[in-house]
Amino acid sequence: MNKSLILVVEDDASVRNLITTTLKANGYRYQTAANGEMAVSDAASYNPDIVLLDLGLPDMDGMEVIRKIRSWSNMPIIVISARSEDQDKIGALDEGADDYLTKPFSVEELLARIRVAQRRLMLAGQHVSENSSVFENGELRIDYAAGIAWMQGEELHLTPIEYKLLCLLSKNVGKVLTHNYITECIWGSSWENDVASLRVYMATLRKKLEAKGGKNHSYIQTQIGVGYRMVK
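J.: Describe the environment of leucine 93, listing the residues and the values that go with them.
T.: Along the chain, leucine 93 turns up in helix H4 (residues 86–95). A relative accessible area of 40% means that leucine 93 is categorised as partly exposed.

J.: Explain the sheet that holds strand E3 (residues 50–53) to me, using residue names and the numbers behind them.
T.: Within the open sheet, the five strands sit side by side as E2-E1-E3-E4-E5. Their pairing is parallel. Every interior strand has two partners, whereas the edge strands, strand E2 (29–33) and strand E5 (99–102), have only one. Averaged over all neighbouring strand pairs, the angle between strand axes comes to 20°, with direction disregarded. Of the pairings in the sheet, the one linking strand E4 (residues 77–81) to E5 comprises four bridges and is parallel in character. Within E5, the position partnered with isoleucine 80 by the bridge is leucine 101. Packed onto the sheet, helix H3 (residues 62–70) meets E3 and E4 and runs at close to 175° relative to E4.

J.: So what's going on with the pairing of strand E8 (residues 148–151)? Residues and values would help.
T.: In terms of strand pairing, strand E7 (residues 140–143) meets E8 through four bridges, oriented antiparallel. Note that in E8 the partner of leucine 140 across the bridge is methionine 151. The loop that links E7 with its antiparallel partner E8 comprises four residues; one of these, glycine 147, has a positive phi angle of about 75°. Pairing of E8 with strand E9 (residues 154–155) involves two bridges; the strand directions are antiparallel.

J.: Just give me the short version of the nonpolar core, but keep the residues and values in it.
T.: A general feature of soluble globular proteins is that nonpolar side chains tend to end up buried together. Formed by 27 residues in total, the largest nonpolar core has its most connected members in Leu140, Ile142, Leu166, Ile182 and Met202. Among the secondary structure elements, those contributing two or more residues to this core are E7, E8, helix H6 (160–170), helix H7 (179–187), helix H8 (192–211) and strand E12 (227–230). Ranked by residue count, the leading element in this core is H6, at seven residues. Apart from the residues within four sequence positions on either side, leucine 140 is in contact with Phe135, Trp150, Met151, Leu156, Leu166, Leu209, Tyr219 and Met230. Counting residues in hydrophobic clusters, the runner-up holds 25 residues, among them Ala33, Ala39, Leu53 and Val226.

Parameters and conventions
- Numbers given to residues run from 1 along each chain, matching the order in which its sequence is written.
- The predicted nature of this model means local features are confined to residues of pLDDT at least 70 and side-chain atom pairs, given and counted, to a pLDDT of 80 or more, with totals for whole chains, interfaces and linings taken over all residues.
- In computing side-chain values, all of the structure's heavy atoms are included and hydrogens and water are not.
- Helix numbering and strand numbering both begin at the N terminus, where a helix is a DSSP run of H or I of at least 4 residues and a strand a DSSP run of E of at least 2.
- To sort residues, take the accessible area from a 1.4 Å probe on protein chains only and compare it with the maximum for the residue type: under 20% means buried, over 50% means exposed, and anything in between is partly exposed.
- In this description, strands pair whenever DSSP reports at least two bridges between them.
- Every axis corresponds to a line fitted to the C-alpha atoms, with the helix fit spanning only the stretch in contact, and the corresponding angles, defined between N-to-C directions, vary from 0 to 180 degrees.
- Two residues qualify as a contact provided that any one of their heavy atoms is within 4.5 Å of a heavy atom in the partner residue.
- Working definition of a nonpolar core: buried Ala, Val, Leu, Ile, Met, Phe, Trp, Tyr and Cys residues. They are joined through side-chain atoms within 4.5 Å.

Structure (structure tokens):
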């Protein structure tokens, strides 16, 4: 079973190694970033399930990293910081962090916080669980088992690629999917030509949704320079 992909943002090599060793020992996949600029870039490129974020980064404050990620994604962010004052915790949570862990920390507590974040992700995605083959969002309805989608009760005549894109977005409703992530899922690669093709397919998919009555609600939002998400 593939576990969550976790982005570890930490400039202290010893702490970063402790975290990644713990994650690896417990079957998690991970990506590391040593500064804020890398953190924001990797969050967009790798679309992690959870971010572990140190606030004391060399190039920008971790609060700014939270703000930047929150401008386009709701991915869970767990702050891990030596700052133990209540105002620091409240500030991080107000900016959009989901949890706050103070250094020094035990690996058992870290793993427990990650499991809590995973449960939140699971609950958020229950409406498209594997036990249900039908997805409904406003006037949009998709029967995954039958391979058919409808808008306001009228069948959408989609190409195979358009249908794959619609399903991918619907299974991650509310979550921004980056260009690279989408092209890897659809074409198995993320060349510049693939991203250009993606824009074309997204445009035709939008037109078909609007032609069947979806013009009153923007189901697919473009996050400029990042990717796309389906609005709940």
